[in-house]
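Report on the structure
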Amino acid sequence: MNRRELLKNTAILGGASVLSTSLFSILQSCQSEPRLGWTPTFLSPEHALLVSALVDTLLPKTNTPGGLDMKVDLFMDAVFSKLYDDKAQEAVVVEMDAFNQQCRSKYGKPFYELDATQKGAFLKEAEANSPKFNRGVWGTAVGEQKPVGFYRSMKSLAVWAYCTSQEVGSEILAYDPVPGDYLGCVPLSEVGTVWSL
Amino acid sequence: MANFNIDAKKDMTYDAIVIGSGMSGGWAAKELCEGGLKTLVLERGRLVEHIKDYTTMNNESWDLELRGAIGPDDKKKHYKAIRTGFIGENNKHFYANDEENPYTEVKPFLWVRAHQMGGRSLLWGKQTYRWSQLDFEANAKDGHGVDWPIRYQDLEPWYTYVEKYVGISGEALGLPQLPDSHFLPPMELNCVEKEIKQRLEKEFQGRHLIIGRVAHLTVPHNGRGKCQFRNRCDRGCPFGAYFSSNSVTLPAANVTGNLTIRPFSIAHSIIYDETLGKATGVKIIDSETGEMMEYHAKIIFCNASTLSTTQILMNSTSTRFPNGLGNDSGELGHNLMDHTYRVGALGTFEGLEDRYYKGRRPNGIYIPRYWNIDDNSKSDKFVRGFGFQGGAYRPGWGGAANMEGFGEEFKDSLLKNPGPWEFFITGFAECLPYHDNKVTLDKNSLDKWGQATLAIDCEWKANELALNQQIQEDAVEMLEKCGLSNIEGFDQKHEPGFGIHEMGTARMGRDPKTSVLNATNQVHACQNVFVTDGACMTSNSCVNPSLTYMALTARACNHAISELKKQNL
């Protein structure tokens, strides 16, 4: 059963906020298969599965929430749909096909169907082959920026989406919306984590 | 705060009209209103009232569907200013619509505009430096451009006057090439900046690394709150902690009861009366209705921002001034200048990895000019000089896309490791006044209100390119000698305009034959018209100009009020 359908039905039954135990377990069982649990705006189902699998591999759930918990894949779909211009949209589709194609020629199946070890090995190779972002000055990269390629752009998008999500941005990372003062030298251990803002 | 009086229908005649409400227009409004003049401020954009209209000031990324980024439609609307890299969902409403306000780049030139009450005083970088005697004497000494009609001592009392009101934080150094302001307590350097300061000042005699001098309050001042270190200035500051027309000068003008501000009023031209031999008012276009109307006054302050001011003067033709108001010299539109931008070096500081900072400081470091300041610092490659801005920081999660790996360890590191300390410096070089760096009216290209648009024809020449080369060489050398690693020099080859310090095109001077304005910013041949924004500048120093616009404006207003009392205008 499609997770979205399920939620919709639950809502119709008037129990959207209080899921019964049985419904909840059905929801969970749906998640174990490589089947899309959301309806993308821009991505094809195949590409959406790829993005979700990438997000889960890059930012898995541990004792802190994972990328999928923060709906990073849904946000990335919105980014492609609303922030990318026509040219960038066409390019990312081509890159996703190419990425899946490489995976198929190596393992005979798309990325999202690989087991954890295979996913790891495949991304390790992608990491090694992808140029890095140049350092920047006041929001603009300096020097000649080589195209970072599909893997690193997706990694960058995923990190941005994850760190600017409400739970990570306000509860996991050090969050201080109105610092009041600037202290130029404090122990890192006192701050504890990277600053959210 | 009392509401602004926007009822400009009641009265078509005032003592004074100020065109523009940005950095210098706000000061003109305050000084003239406080001097007892009934003053009309013409603003081409909408009203932006302090706090009330700072609609995005408390947004967090997660409050916004696209987390603060903007899409293709907004990029198109701001297709010029987007080049700055500064525009996002939270500040886009403070940038002008580039599609509705076209201009022609004869050579590449970035013109960043802010069409609302407060203008670019809402968006500026707040770096605030006095110019020095060196700057006011530069043209006379090396023969470029024309001599300034004033010297540092003419402006010194007015620097003092505006600084005490604005509130400038910084550290006094006693350097002749960068005179001290009246300072509020300085912001703090972070630990890496302190370390690099020690190394730099030991390695390089005569060079100094200081915290930026900024128009941010570090203590409460004149009823405004101190900086809270949110670094969300360009959304408007709810504490009024940085200087803007909206938070400081316009409210001060308003409490006098002498201020009327008319939004949506594009100044078309200044009306010149051939019989009286002076200006009598301003012709405006209501940007919403397209209606043209005339407002009258005894004196007119033109503070529309450098290029818009010149556009208005060029539009102001009459039998007496067929080539634009005050253009007897033929210099109107010429001698356009800006500072060079984003040339420098960056590197990694090794050590202090267990240290971090707290708060988001809207400021960085400054390295004052050290070339051509005395006999020992003369260059044989260029005249004038440059200063550096910069700072040290840890990239945090913003640098994580470059971090090796993925998965559990990567995620843990992304959250806990702020990354190495990075340090950069980027130079701002002085540009010489060249007659052929110019703007002209393009009567074949009209905007949506039927006005001729500007064609900008400006480029860096040999001296600026030599300065940029020296900036990069010096930056790399300084970072090397300070022990940084992973050093990279850069020159982004930005066209003029990127500094957003455009100056000149209606310069002050001693001689009406070679300049547009006199020593008190009056149009030589039409003395009841004053220009005190960036258009008036005779040279452009290498330091940020806003403080000098403020001081020149206050000084010119004082002169205008006194001349009016003597019935000389």
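Note that the coordinates shown come from a computational prediction; the quantities given were computed from them, not determined experimentally.

**Some points on the overall build of chain B**
If you tally the helices and strands in chain B, you get 10 helices and 20 strands. Within chain B, counting contacts between residues at least 6 apart in sequence, those at least 24 apart form 73% of the total. For chain B, the accessible surface area stands at approximately 19800 Å², while carbon and sulfur atoms represent 48% of it.

**Some details on the pairing of strand 20 (residues 526-531) of chain B**
All names here are of chain B. Most of strand 20 is tucked away: five of the six residues are buried. Two elements, strand 10 (residues 292-302) and strand 20, share three bridges in a ladder whose sense is parallel. Across the sheet, the residue bridging to Cys302 is Val531, located in strand 20. Summarising the sheet, strand 19 (residues 522-523) and strand 20 pair through two bridges and their orientation is antiparallel. Opposite Gln522, over in strand 20, you have Phe530 as the bridge partner. The turn joining strand 19 and strand 20, which pair antiparallel and follow one another in sequence, is formed by two residues.

**Brief notes about the nonpolar core**
Phe80 and Phe111 of chain A together with Ile19, Ile270, Ile299 and Phe301 of chain B are the most contacted members of the largest nonpolar core, which totals 217 residues. Top contributing element to this core by residue count: helix 10 (residues 546-565) of chain B, with 11 residues. One finds Val137 and Val142 of chain A together with Leu346 and Phe424 of chain B within the second-largest nonpolar core, a separate group that totals five residues.

**Overview of the packing of aromatic side chains**
Inspection of every chain in the model, using the stated rule, returns 39 aromatic pairs over all chains. When the centroid spacing of 5.9 Å and the interplanar angle of 45° are considered together, the rings of Trp131 of chain B and Phe136 of chain B count as tilted. An identical accessibility class is assigned to Trp131 of chain B and Phe136 of chain B; each is buried. Measuring from ring centre to ring centre gives 6.4 Å for Tyr393 of chain B and Phe424 of chain B, while their planes differ by 70°; the resulting arrangement is edge-to-face. A residue pair is termed long-range when its members are at least 10 positions apart, and Tyr393 of chain B in strand 14 (residues 386-393) and Phe424 of chain B in strand 15 (residues 421-429) qualify at 31 residues. Judged by relative accessible area, which is 8%, Phe424 of chain B ranks as buried. The aromatic ring of Phe75 of chain A is capped on one face by Arg67 of chain B, whose charged end is 4.1 Å from the ring centroid. The cationic tip of Arg394 of chain B hangs over the ring face of Tyr356 of chain B; the distance from NZ or CZ to the ring centre is 5.8 Å.

**Comments concerning the confidence of the model for chain B**
Within chain B, residue pLDDT values average 97, and 100% of them lie at 70 or more. In the model output, the complex is listed with pTM 0.94 alongside ipTM 0.94.

**Some remarks on the side chain of Gln127 of chain B**
Residues and elements named next belong to chain B. On the secondary structure map, Gln127 appears in the loop between strand 3 (104-105) and helix 3 (133-142). Residue Gln127 is classed as buried on the basis of its relative accessible area of 9%. Among the polar contacts made by the side chain of Gln127, one reaches the side chain of Asn363 at a distance of 3.0 Å. Setting aside residues up to four positions removed in sequence, Gln127 forms contacts with Gly212, Arg213, Val214, Asn363, Gly364, Gln389 and Asn544.

**Some thoughts on helix 7 (residues 149-163) of chain A**
Helix length check: helix 7 of chain A (15 residues) gives 21 Å between terminal C-alpha atoms against 21 Å at 1.5 Å per residue, within 8%. Here helix 7 of chain A lies mainly inside the structure; 13 of its 15 residues are buried.

**Some details on the sheet that holds strand 14 of chain B**
Within a sheet, adjacent strands bond to each other through the backbone by hydrogen bonds, running parallel or antiparallel. Residues and elements named next belong to chain B. Read from one edge to the other, the open sheet built from six strands follows the order 6-13-14-15-11-18, with strand pairing classed as antiparallel. Two strands close off the open sheet at either side, each with one partner strand: strand 6 (210-211) and strand 18 (485-491). Alignment of strand 6 against strand 13 (residues 365-367), held across two bridges, turns out to be antiparallel. Bridge pairing links Ile210 to Tyr366 in strand 13. Contacting strand 11 (343-349), strand 13, strand 14, strand 15 and strand 18, helix 9 (residues 462-481) runs over the sheet at an angle of about 10° to strand 11.

**Some words on unusual backbone geometry**
All names here are of chain B. Phi is positive for Thr505, which is not a glycine, with a value near 90°. Even without a glycine there, the phi angle at Asn521 is positive, about 65°. The topology assignment puts Asn521 in the loop between strand 18 and strand 19. On the basis of relative accessibility, which here comes to 0%, the residue Asn521 falls in the buried class.

**Quick notes on the interface of chain A and chain B**
At the interface, 66 residues of chain A touch 68 residues of chain B. Roughly 6000 Å² of surface becomes buried between chain A and chain B when both sides are summed, with 61% attributable to carbon and sulfur atoms. The three residues of chain A that bury the most area against chain B are Arg135, Trp138 and Tyr182 of chain A, which together make up 16% of that side's buried surface. For the pair chain A and chain B, the number of links is six salt bridges. Residue Glu404 of chain B pairs with Lys132 of chain A through a salt bridge whose shortest N-O separation is 3.3 Å. The tally of links from chain A across to chain B stands at 41 residue pairs in polar contact (both at pLDDT 80 or more). When residues of the side of chain A that touches chain B are assigned to their parent elements, the largest contribution, nine residues, is made by helix 7 of chain A. Along the lines of polarity and charge, the residues of the side of chain A that touches chain B split into 37 nonpolar, 18 polar and 11 charged.

**Here we look at the pattern of salt bridges**
Where charged atoms from two side chains of opposite charge approach closely, those side chains can pair. Residue and element names in this part refer to chain B. This structure, assessed with the given rule, holds 50 salt bridges over all chains. Here Glu563 makes a salt bridge to Lys566, at a shortest N to O gap of 3.4 Å. Judged by its relative accessible area of 14%, Glu563 falls in the buried class. Exposure remark for Lys566: the relative accessible area of 53% places this residue in the exposed category.

Thresholds applied
Residues numbered from 1 in each chain as written. Chains lettered and ligands numbered in written order. Predicted model: local features only at pLDDT ≥ 70, side-chain atom pairs only at ≥ 80, totals over all residues. Heavy atoms only, no water. Helix = DSSP H or I, 4+ residues; strand = E, 2+ residues; numbered from the N terminus. Contact = heavy atoms within 4.5 Å. Areas by Shrake-Rupley, 256 points an atom, 1.4 Å probe, with all protein chains shown as cover. Buried < 20%, exposed > 50% of the residue type's maximum accessible area, 1.4 Å probe, protein only. Pairing = 2+ DSSP bridges. Core = buried A, V, L, I, M, F, W, Y, C linked by side-chain atoms within 4.5 Å. Phe/Tyr/Trp six-rings, centres within 6.5 Å; stacked < 30°, edge-to-face > 60°. Lys NZ or Arg CZ within 6 Å of the ring centre and 35° of its normal. pLDDT = per-residue confidence, 0-100. Polar contact = N/O pair within 3.5 Å; in protein donor to acceptor, adjacent residues only side chain to side chain. Expected span 1.5 Å × (residues − 1). Axes fitted to C-alpha atoms, helices over the stretch in contact; angles between N-to-C directions. Buried area = accessible area lost by both parts, 1.4 Å probe. Salt bridge = Lys/Arg side-chain N within 4 Å of Asp/Glu carboxyl O. Nonpolar A, V, L, I, M, F, W, Y, C, P; charged D, E, K, R; others polar.

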